[in-house]
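Coordinate analysis (summary)
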Amino acid sequence: MIKQVDNTYILETNNSSYVFRVLESGHPEHLYYGKKIRLIDSKGQLLLDSLCEKHAFMPGNNNAYDKEHMTYTLNDMRLEFSSNGKGDNRQPFVEIIHGDGSRTSDFVFEKAEIVSEKRLPKDLPSSYGECQGLIVTFLDKNYNLELELSYYVFEECDVITRSARLINNSDDKVRILRLMSLQVDDYDSDYTLTSFNGAWAREMEMCRHQLTRGTLINESCAGVSSSTANPFFMLGKKTTNEDKGQAYGFNLVYSGNHVEYAEVSEFGKLRILSGINPRGFEYSLEPGCVFEAPEAVMTYSDAGYNGMSQNMHQFVKKHILRGYWADKERPVLLNSWEAAYFNISESKLLKMAKAGKEAGIELFVMDDGWFGERNDDTSSLGDWYPNKKKLPSGVKGISDKIHDLGMKFGIWLEPEMISSNSELYKKHPDWAMQIPGKPHSEGRNQMIIDMANREVQDYLIETISNLLSEGEVDYVKWDMNRTMTDVYSPSLLADKQGEVAYKYVLGLYRVLDKLTNTFPNVLFEGCASGGNRFDLGALCYFPQIWASDDTDALERVKIQTGYSYCYPLCTMGAHVSGVPNHQTLRITPLSTRFNVAAYGSLGYECNFSDLDNNTLDEIKEEIKLYKAWRQVFQYGRFYRTDSIFECNEAGWMVVSEDKSEAVFMNFQGLVRPNDQRGRVKLRGLDRDALYHFYNLPFKIDIRMFGDLVNAVSPVHIKNGSFAHNMLAKFVKMDGEKEDYKAYGDSLMEGGVMLSPKFSATGFNDKTRVYPDFSSRMYFLEKVD
């Protein structure tokens, strides 16, 4: 709900309030963002004085905005936006070079309008759905420019979004150096900012920063939102934990270069900014034209980081994901990449697919290597036609054969790339993003195609549309395996090159918008060397994104924990792969690899036709289990009970919307000797409901004990011998059993005491055998 009382604006969600007022000078003063508060009494009187800063004399060595307002400086005010030249020396929200060369902007309040429907941007994706909005217009009369700030309130999700538009009503061109999407100024600065940084195969590592005087910057200038610095970040107090305390979350609906600033001023106030990265950015705004900044998202919870995550998850599921797959259960897939890499053929793929079908796979994905002369990563990107030596009956032929098996068919594409060794490059060398006549810095033996060029966009729309329709494709893995270098578009004039990275993103969005609307039933999964473009902008077109090229279970626990702070489980592509793992050479149990991947959109990334019968039988049971609980895994409410970033364990819990079912998973890193402890406190249950808590029966392979079997064997058995392996086929030990009934409040407050871990002092069927990288999955069902 949005209320206007005189010059004050109150934005309310179910559990939060956001308040600002317009000063006499015409500047918007930020007053409050946090837990919901009351500001209007029973008589309709506004009670605001307690929130407003008091000023008598301006601080020393500062500047007044004008002679009528000499008691304060904008440099010491909490503002809804900021600009250069009028006394505010902090990071600006908007930065412009005018036609006369001046860099001073003087935007003051002009009007405000409360709207009942969301005004959608022209070229950028944004949130959608029922909400109330506030459009506030500020005018720079000196240069005849308008700055529009938009606020939209999504009450049930406790989310407020913000964006900005700059309108040039003058007769002169202006150059925009920056136009941010969000600014929040806070009186206090004693916050811990958590950013999510990493690298390829190490996405979303939690980085905590205690804010102090100066500026903290989280940014990407790689052309994508990047695996090095996701645009999502959090603020909390030192005492904030997963379940208690103030927690703020911020994100950006954008897939390109971004920056987040957290600046603590000389007066101890905090300024938060988020938007397009001004590094390398310059946009020429012609007279009569409009520039739109991406939408930013913010949320507040007093229930800790889990509460904040719940808000973000609900917002993404209800107001970012869209189309046929937004709320549909995602199919269990088998991908050919780690099974075959480039060495594929129709016969090999069909053999894998048949084995996958028998195991319960629903979607078979043909990854890289099927097109042009693609036998390695040095050629053929852009030549999106089948290699007839590998696919003699073409894409349509193998698609038909997969469909005849009763499975959906998917295909890998990397449309944003072009190889110098390709037919497309021979025809259109000017379509590559490179500086004409200058050496080019390549990544992965490929160049980026110029998505700022509308001709390129049209070509990709037509080519991919023909491929998807003729091949009857059900799924697309859309990859992008390098970042930008030599950022230059041959299709743009010299004075427009500062717009390339931005227009590239707009071009990508146009292509994706056309394709996803033309093929609404095709499931598009985003990928960019794994999680190099995992953001809200991409999720407007890709209902799920490949979270990382790293499929190692331990690393995936870290990676998926990081994503979980903002992104719901259904958006994360998560696969079970073979061991030793291809990225780390680590060996982890199949049960753990499944337990981790189940908390996402499940897939497999190994050669089923090479697996032994015991492994295939185990995978069949895994897939059967996942399908039975798929709705809960993909669309339930997710909670973290223990964080792998803070201890040796991870606890993940997902609860159905009606709280009738839940699944809890506990993961252990390295074993701690002589530690039998095991208690889990659950989350998100109905406090008054009675639940059945249990695990599924399972057997323990005696080979896990090595030559310890000789402590009980009547004859000596050599570790790893033929006799040892034969014995393991016929002798299986029962795993521990957990089976209890308890009320929700007991499970959440007192927890569940689990069977003791093995600690080298004895073993029976009540002992939890829990070596390195072990995990257990527990199920809860409400008892009538």
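Residues numbered from 1 in each chain as written. Predicted model: local features only at pLDDT ≥ 70, side-chain atom pairs only at ≥ 80, totals over all residues. Heavy atoms only, no water.

1. Considerations on the overall build of the protein chain
What the protein chain contains, in helices and strands, is 13 helices and 40 strands. Expected size for 784 residues packed as a compact globule is a radius of gyration near 28 Å; at 28 Å, the protein chain falls within 12% of this value. Seen through its C-alpha atoms, the protein chain measures out along the principal axes to roughly 100 × 65 × 45 Å. A burial count over the protein chain gives 61% of its 784 residues as buried. (Helix = DSSP H or I, 4+ residues; strand = E, 2+ residues; numbered from the N terminus. Rg over C-alpha atoms; globule rule 2.2 N^0.38 Å. Buried < 20%, exposed > 50% of the residue type's maximum accessible area, 1.4 Å probe, protein only.)

2. Some thoughts on the sheet that holds strand β3 (residues 16-22)
What links the strands of a sheet is backbone hydrogen bonding, and the strands pair in either a parallel or an antiparallel sense. As summarised here, the arrangement of the four strands in space is β1-β2-β3-β4, forming an open sheet in which the pairing is antiparallel. Of all strands in the sheet, those bounded by a partner on one side alone are β1 (2-5) and β4 (28-35). For this sheet, the mean inter-axis angle between neighbouring strands, taken without regard to orientation, is 15°. (Pairing = 2+ DSSP bridges. Axes fitted to C-alpha atoms, helices over the stretch in contact; angles between N-to-C directions.)

3. A short note on the packing of helix α10 (residues 590-597) against helix α11 (residues 613-635)
Packed helix pairs are specified by the crossing angle of their axes together with the interaxial distance, meaning the distance between the axes. Where α10 meets α11, the axes come as close as 11 Å, and the angle between the chain directions of the two elements is 25°. Regarding the angle of α10 to α11, the classification is roughly parallel. Note that α10 runs across α11; the crossing there is right-handed. Where α10 abuts α11, its residues L590, S591 and F594 lie against T615, E618, I619, E622, L625 and Y626. (Parallel < 35°, antiparallel > 145°, perpendicular 65-115°, else oblique. Left-handed = near helix turned anticlockwise from the far one by under 90°. Contact = heavy atoms within 4.5 Å.)

4. With respect to the pattern of salt bridges
Under the definition given, this model contains 49 salt bridges. Here E362 makes a salt bridge to K627, at a shortest N to O gap of 3.8 Å. Residue E362 is found in the loop between α3 (346-359) and β22 (363-366), and its partner K627 is found in helix α11; the two are separated by 265 residues along the sequence. Taking the relative accessible area as the measure of exposure, K627 reaches 31% and is therefore partly exposed. Among the ionic contacts, a cluster of salt bridges with common partners joins E53, D76, R78 and K269. (Salt bridge = Lys/Arg side-chain N within 4 Å of Asp/Glu carboxyl O.)

5. Here's the deal with empty space enclosed by the protein
Taken as a whole and assessed by the stated rule, the structure comprises four cavities of 30 Å³ or more. Taken as a whole, the largest cavity spans an internal volume of roughly 100 Å³. H27, L74, F81, S82 and S83 are the residues nearest the centre of the largest cavity, which is lined by 13 residues in total. Of the residues assigned to the lining of the largest cavity, the class counts are six nonpolar, four polar and three charged. (1 Å grid on protein atoms, 1.4 Å probe; cavity = no way out; pocket = protein on both sides within 12 Å on 5 of 7 lines; lining within 4 Å. Points joined across faces, edges and corners; volume = space filled by probe spheres on them. Nonpolar A, V, L, I, M, F, W, Y, C, P; charged D, E, K, R; others polar.)

6. Focus on the packing of aromatic side chains
Summed over the entire model, instances satisfying the criterion amount to 49 aromatic pairs. Between the aromatic rings of W370 and W384, the centroid separation amounts to 6.3 Å while the plane-to-plane angle is 35°, which identifies the pairing as tilted. Note that W370 is positioned in the loop between β22 and α4 (394-404) and W384 in the loop between β22 and α4, a separation of 14 residues in sequence. Grouping residues by exposure puts W370 and W384 together as buried. Connected via pairs of aromatic rings, a cluster forms that spans Y9, Y18, F20, Y33, Y151, Y191, F233, Y248, F250 and Y300. (Phe/Tyr/Trp six-rings, centres within 6.5 Å; stacked < 30°, edge-to-face > 60°.)

7. Topic: the side chain of S419
Mapped onto the fold, S419 is located in the loop between β24 (417-418) and α5 (423-427). On the basis of relative accessibility, which here comes to 0%, the residue S419 falls in the buried class. Residue contacts for S419: discarding those within four places in its chain leaves R374, T378, S379, S380, L381, Y425 and M447.

8. Observations regarding the sheet that holds strand β26 (residues 475-478)
With respect to topology, eight strands assemble into a closed barrel ordered β21-β22-β23-β26-β27-β28-β29-β30, the strand pairing being parallel. The sheet shows a mean angle of 30° between the axes of neighbouring strands, taken without regard to direction. Lying on the sheet, helix α6 (residues 454-470) is in contact with β23 (408-413), β26 and β27 (523-526); it crosses β23 at an angle near 155°. In the packing of helix α9 (residues 553-564) onto the sheet, contacts are made with β28 (544-546) and β29 (572-577), and the angle to β29 comes to roughly 170°.

9. A word on α9
Taking 1.5 Å per residue, 12 residues should reach 16 Å; α9 reaches 16 Å between its end C-alpha atoms and fits that length. Counted residue by residue, α9 has 11 buried out of 12 residues, so it is predominantly covered. If you check which residues of α9 are buried, you get A553, L554, E555, R556, V557, I559, Q560, T561, G562, Y563 and S564. (Expected span 1.5 Å × (residues − 1).)

10. Remarks on the nonpolar core
Counting 196 residues, the largest nonpolar core has L11, L179, W370, Y599, Y604 and F608 as the members making the most contacts within it. The element contributing the most residues to this core is helix α7 (residues 500-518), with 10 residues. The next biggest cluster of nonpolar side chains, apart from the first, holds 18 residues, and it includes Y639, L685, M748 and Y778. (Core = buried A, V, L, I, M, F, W, Y, C linked by side-chain atoms within 4.5 Å.)

11. A word on the environment of G249
Of note, G249 is situated in strand β15 (residues 247-252). Taking relative accessible area as the criterion, G249 reaches 0% and is therefore assigned buried. Along the sequence, G249 and V159 sit 90 residues apart, while their C-alpha atoms lie 9.4 Å from each other. When sequence neighbours within four positions are dropped, the list of residues in contact with G249 reads F232, F233, V297, M298, T299, M308 and M312.

12. Structural notes on a nonpolar patch on the surface
A contiguous nonpolar patch, built from L708, F758 and F763 and spanning about 250 Å² of accessible area, is present on the exposed surface. Along the chain, L708 falls in the loop between β36 (699-701) and α12 (722-730). (Patch = residues over 30% accessible without salt bridge, like charges linked within 9 Å, V, L, I, M, F, W, Y side chains within 5 Å. Areas by Shrake-Rupley, 256 points an atom, 1.4 Å probe, with all protein chains shown as cover.)

13. Here we look at the state of the cysteines
The term disulfide refers to a covalent linkage connecting the sulfur atoms of a pair of cysteines. Across all of its chains, the model carries zero disulfides by this definition. C566 takes part in no disulfide bond, and the closest cysteine sulfur to it belongs to C570, at a distance of 12 Å. Summary of cysteine pairing: C647 is not part of a disulfide, and the nearest cysteine sulfur, belonging to C207, is at 17 Å. According to the relative accessible area criterion, C647 is partly exposed, its value standing at 34%. (Disulfide = S-S within 2.5 Å.)

14. Notes on unusual backbone geometry
Residue P580 follows V579 across a cis peptide bond; omega there is -5°. In this fold, P580 is placed in the loop between β29 and α10. If you check the backbone angles, A201 has positive phi at about 70° while not being a glycine. Along the chain, A201 turns up in the loop between β11 (192-197) and β12 (205-210). Its identity is not glycine, yet M204 carries a phi of approximately 60°, on the positive side. On the secondary structure map, M204 appears in the loop between β11 and β12. Exposure remark for M204: the relative accessible area of 2% places this residue in the buried category.

15. Overview of a positive patch on the surface
Where like charges cluster on the molecular surface, the positive patch consists of K244, R677, R679 and K681. Here K681 is to be found in the loop between β34 (679-680) and β35 (690-694). (Lys, Arg positive; Asp, Glu negative; His and termini not counted. Charge placed at Lys NZ, Arg CZ, Asp CG, Glu CD.)

16. What to know about the packing of α3 against α4
Where α3 contacts α4, the axes come no closer than 11 Å and their chain directions differ by 20°. It follows that α3 is roughly parallel to α4 by the angle criterion. Of the two possible hands of crossing, α3 and α4 adopt the one that is right-handed. Seen from α3, the contacting residues are E346, L349, L350 and A353; seen from α4, they are I398, K401 and I402. A per-class count over the contact of α3 with α4 returns five nonpolar, no polar and two charged.

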